[in-house]
Amino acid sequence: MTDRRDEEASTFGSGAPIDFDRLEIVRERLTTDNRFRIKADPTFAPERLQCEYDPQLYPGRVRAARLEIV
Amino acid sequence: MDNPVLQRFIPYKIDISRMDDPRSDLTASQDEQSEAPDFDALTPPSELVGGDRTRDDFLDAVLGLDAPATAGDVADRAGHGVDAAREYLEWFERLGIVTQVTESPATYERNQEYLNWRRVQTLRTEYTTDELLDHLQTEADRVEKFKSEFAATSPDNVSIASHAAKTDRPIEEVWERLSAWRTARRRMSLLERALTTASDDTADSRSAV
């Protein structure tokens, strides 16, 4: 049986997996805010958070404003 | 960045304190400026990323650790005092959320097994077995594509520099693809655990009838 802990430790610095545990913490916090809505893909273990700002916060010529957290 | 609470969410000490002004064609016109939203009514970023309770701040701080950290490090990330950090770290260790790495100075790291267990529980409660199987199929398909792309059975068998040179691709791009491969493998592992646990529960409930 593979020791997952060792497997994960060995990946550091060589293309480590996305830290979706950390992204989850950020999502939990930012979800409470109404300045943007958050999309996470896939939802169960996201590799990035897309925070779409409320367009009413921007001038009409701005079509979309997005903060991406990866 | 001056605010340690905000810095908790910014890995690698990235400086986000300076931002360029928008292009002139994207700035608000006079009319729009007169009808500007009430920006002061928005929740300040430091409050947004802070928890309602001290406990939340410390939990966020330790779950975001990617290397062993002292009580002082955790206190900085949580935005609270060192004494409180020591107390919470001892409590989190008893709960299995962190593990102590060294004695003097005492350093702690997040317990990845705890996070994995928590995510498996979430998968089981928020998704049906069919949905979990669908996700597993998607991730399995991705892994197969990576195997084909790199002509290897595991990302551990791939040298980033060699592969980049051989395929004439930037090292960063190869690094990102390997990262995506490892991410897919980790998702598969979690989904399989969730499905296995669900199957065990079903078997238990059947045998109990």
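Residues numbered from 1 in each chain as written. Chains lettered and ligands numbered in written order. Predicted model: local features only at pLDDT ≥ 70, side-chain atom pairs only at ≥ 80, totals over all residues. Heavy atoms only, no water.

Of regular secondary structure, chain A possesses two helices and three strands. The secondary structure elements of chain A, listed N-terminal to C-terminal, are α-α-β-β-β. Restricting to contacts in chain A with at least 6 residues of sequence separation, those with at least 24 account for 17%. When the accessible surface of chain A is summed, it comes to about 4,200 Å², and 48% of that surface belongs to carbon and sulfur atoms. (Helix = DSSP H or I, 4+ residues; strand = E, 2+ residues; numbered from the N terminus. Contact = heavy atoms within 4.5 Å. Areas by Shrake-Rupley, 256 points an atom, 1.4 Å probe, with all protein chains shown as cover.)

This next bit is on the domain arrangement of chain B. In terms of domain boundaries, chain B breaks down into domain 1 (45-111) and domain 2 (127-209). Computed over C-alpha atoms only, the centres of domain 1 of chain B and domain 2 of chain B are separated by 30 Å. (Domains from an automatic or database assignment.)

Let us now look at the sheet that holds strand β2 (residues 98-102) of chain B. Residue and element names in this part refer to chain B. Taken in spatial order, the three strands of this open sheet run β1-β3-β2, and their pairing is antiparallel. One side of each edge strand has no neighbouring strand; the edge strands of this open sheet are β1 (69-70) and β2. With two bridges joining them, β1 and strand β3 (residues 107-110) adopt antiparallel strand pairing. Along β3, the bridge assignment pairs alanine 69 with tyrosine 108. (Pairing = 2+ DSSP bridges.)

Before going further, it helps to examine the environment of Glu149(B). Residue and element names in this part refer to chain B. Mapped onto the elements of the fold, glutamate 149 is located in helix α8 (residues 129-150). What makes glutamate 149 partly exposed here is its relative accessible area of 29%. The spatial distance from the C-alpha of glutamate 149 to the C-alpha of arginine 177 is 9.6 Å, given a sequence separation of 28 residues. Excluding its chain neighbours within four sequence positions, the residues that come into contact with glutamate 149 are His163, Arg169 and Arg177. Here the side chain of glutamate 149 touches arginine 169 through a polar contact of 3.1 Å, side chain to side chain. (Buried < 20%, exposed > 50% of the residue type's maximum accessible area, 1.4 Å probe, protein only. Polar contact = N/O pair within 3.5 Å; in protein donor to acceptor, adjacent residues only side chain to side chain.)

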